[in-house]
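Coordinates in review
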Amino acid sequence: MNWWNEVEAIIAEKSLLKHPFYQAWTMGTLTREDLAHYAQQYYHQEARFPRFVSAVHSDCPELKTRQVLLDNLNHEESGPENHPELWLRFAESVGASRESVTGSLPAPATKACMKAFADLTRGGWVAGVAALYAYEAQQPGVAKTKIEGLKAKYGLDSKEALGFFQVHETVDVWHSESEKQILLDQAAKNPDLKQDIKAAVAQACDALNGLLDGVCEARGIVCLN
């Protein structure tokens, strides 16, 4: 398990909660316009996330692992409460119309984040699972912090404003634990995968932080790491 401690150390070092944009969120110093711009840009990553899961599922040769990934994919896309829809409801709550979100263009940093995840999830299924883990392992803590900030600092406590984060605060606990077990099992079979897993986790974390850097730059927020 020592090598897995290194995985967790990478995520802790590159934690999204350490990014100045999320710290500003917690302090309540972002404007509604800042939040709206963030909602527009992050939508591009969120809307494609099911396809990242699908790419890993498609490439995975193991039935039991595909079943786990399929459950993840179903949570992302099924029904009227699918995750992109929940994100659009949040966006509306901070003043961004659906049209302004779905019709927005991804900034270069957003494109870079999406490309990184596309490359990781199509470049080998184990590295793909590692990329998914790098994102979903952080989401319960990130979601909890965002909910607290939206309530305390921005006066937003409706189901529409909080729904996306409330879902991720709980479901990603299960998703990330399942992904962790998959990665541990694969590394036990092939120890050479440990370095690939750590590299994929680091790349995914860097990509997500880069998206936030782009939001800060676009809004003139002094928060680049």
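Use the structure listed above.
Residues numbered from 1 in each chain as written. Predicted model: local features only at pLDDT ≥ 70, side-chain atom pairs only at ≥ 80, totals over all residues. Heavy atoms only, no water.

1. Re the pattern of salt bridges
Rules: In what follows, salt bridge is the name for a side-chain nitrogen of Lys or Arg lying within 4 Å of a carboxyl oxygen of Asp or Glu. Elements are defined by DSSP. Helices are runs of H or I of four residues or more, strands are runs of E of two residues or more, and each kind is numbered from the N terminus. Relative accessibility decides the category of a residue: with a 1.4 Å probe and only protein chains considered, values under 20% of the type maximum give buried, values over 50% give exposed, and everything between is partly exposed.
Here the structure, examined in full by the defined rule, presents 10 salt bridges. Between E62 and K189 there is a salt bridge whose closest N-O contact spans 3.2 Å. Of the two residues, E62 sits in the loop between α3 (32-59) and α4 (63-77) while K189 sits in helix α10 (residues 159-189), which places them 127 residues apart along the sequence. With a shortest N-O distance of 2.6 Å, K144 and E148 are connected by a salt bridge. Of this pair, K144 and E148 both sit in helix α9 (residues 139-154), separated by four residues, roughly a single helical turn. Classification of K144 by relative accessible area gives partly exposed; the value is 41%. Here E148 falls in the partly exposed class, since its relative accessible area comes to 42%. A cluster of three or more residues bridged by salt bridges with shared partners is formed by E81, E85, R89, E92 and R98.

2. Describing the environment of D196
Here D196 is to be found in helix α11 (residues 193-219). For D196, a relative accessible area of 44% corresponds to the partly exposed category.

3. A short note on the environment of L73
Examined against the element boundaries, L73 turns out to sit in helix α4. Taking C-alpha positions, L73 is 6.2 Å from V53, a pair spaced 20 residues apart along the chain.

4. A few points about α3
To keep things clear, this is the line we draw: Each helix should span, by expectation, one fewer than its residue count multiplied by 1.5 Å. The angle between axes fitted to the seven residues ending at a residue and the seven residues starting there is what we call the bend at that residue.
The first and last C-alpha atoms of α3 sit 41 Å apart over 28 residues, in line with the 40 Å expected at 1.5 Å per residue. Along α3, the helix axis deviates most sharply at F49, where the bend reaches about 35°; the proline P50 sits within four residues downstream.

Keep in mind these numbers describe shape, not what the thing actually does.
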